[in-house]
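Chain and residue survey
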Amino acid sequence: MPNYRGLKIPFISFGSVTSDDLFCDKEQEIFDFYSANKDRYKRALDIGANIGVHSILTDRNGWQVRAFEPDVLHCAELMANVNSHKASCVQINCCAVSDHNGNEIFTRVKGNTTGSHLKGDKNPYGELEEFEVQVVDCRPLFDWADFAKIDCEGHEAILLLTVTPEQAAKTDFMVEVGNEKNAELIYNHFQNLPTKLWAQKNNWREVESMKDMPTHHSHGALFIGREEPFK
């Protein structure tokens, strides 16, 4: 059973990936970020909440958390884990987040359900399932939050390109960037906003050019904020 500072999650197989992978070294650095910044934030979004690890850890900081997970199989595990850890500040939403309200087609990648996504965001392979999910507009969510963790499998640029100067001045983001196109769109958008970028792949050094941007999940996260992630 994976264990981080007393957070114990029952073993789950997602296909080629298991819940053990949610506690890899790169993820634990992000968990450490939450601990180091306990007093920095009050209202957090967990977009792509999966089975709830990030939601539970941010709840432990006393933050109000709104968690979003569109896959009903993951959402059931998310609810169970949140309840078993008595994470009372987590509001669970079994839906996806986009730049509009409505319904979209969701693609479940049966060989690795952690890679499931809104249709068109990735080029998946293997056995797939498609079904309709609700999507909610990210812009009111960014108005509400002062921190957002985003891991939405190729949809991250669509969300982040909506960020306004007013939102960037008050809300920080921890993001998985899935491809080079999204990396370039995000990099260019935030050049004109009151914020900076730091990359986990460079040991959390500030991003100075596109070559410093993560372009694949294996590169770790991108932190977008007003101050460096670890002060």
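One structure accompanies this document, and this report is about it. All values derive from a computational prediction rather than experimental measurement. (Residues numbered from 1 in each chain as written. Predicted model: local features only at pLDDT ≥ 70, side-chain atom pairs only at ≥ 80, totals over all residues. Heavy atoms only, no water.)

Some remarks on the state of the cysteines
Scanning the entire structure with this criterion turns up one disulfide. One disulfide bridge connects C75 with C94, the sulfur atoms lying 1.9 Å from each other. Residues C75 and C94 are joined through a disulfide that is left-handed, its torsion about the S-S bond being -75°. Of this pair, C75 sits in helix α3 (residues 72-84) while C94 sits in the loop between β5 (90-93) and β6 (96-98); the two residues are 19 residues apart in sequence, bridging distant segments of the chain. Judged by its relative accessible area of 1%, C75 falls in the buried class. The class of C94 is partly exposed, set by a relative accessible area of 36%. (Disulfide = S-S within 2.5 Å. Helix = DSSP H or I, 4+ residues; strand = E, 2+ residues; numbered from the N terminus. Buried < 20%, exposed > 50% of the residue type's maximum accessible area, 1.4 Å probe, protein only.)

What to know about the packing of aromatic side chains
The tally for this structure, following the rule as stated, stands at 16 aromatic pairs. Taking 6.0 Å as the distance between ring centres and 85° as the angle between the ring planes, the aromatic pair formed by F33 and F230 counts as edge-to-face. Of this pair, F33 sits in helix α1 (residues 25-36) while F230 sits in the segment after β14 (221-225); the two residues are 197 residues apart in sequence, bridging distant segments of the chain. On the accessibility criterion, F230 (30% relative accessible area) is partly exposed. Taken together, the ring pairs connect F33, Y34, Y41, W63, F147, W198, W204, F223 and F230 into an aromatic cluster. We note R66 situated over the ring of W144; from NZ or CZ to the ring centre the distance is 4.0 Å. (Phe/Tyr/Trp six-rings, centres within 6.5 Å; stacked < 30°, edge-to-face > 60°. Lys NZ or Arg CZ within 6 Å of the ring centre and 35° of its normal.)

Side note on the sheet that holds β6
Overall, mixed pairing links the four strands, which are arranged β6-β9-β7-β8 in an open sheet. The strands lining the two open edges of the sheet, one partner per strand, are β6 and β8 (117-118). Here strand β7 (residues 102-109) runs beside β8; their pairing, made up of two bridges, is antiparallel. If you follow F106 over to β8, its bridge partner there is L118. (Pairing = 2+ DSSP bridges.)

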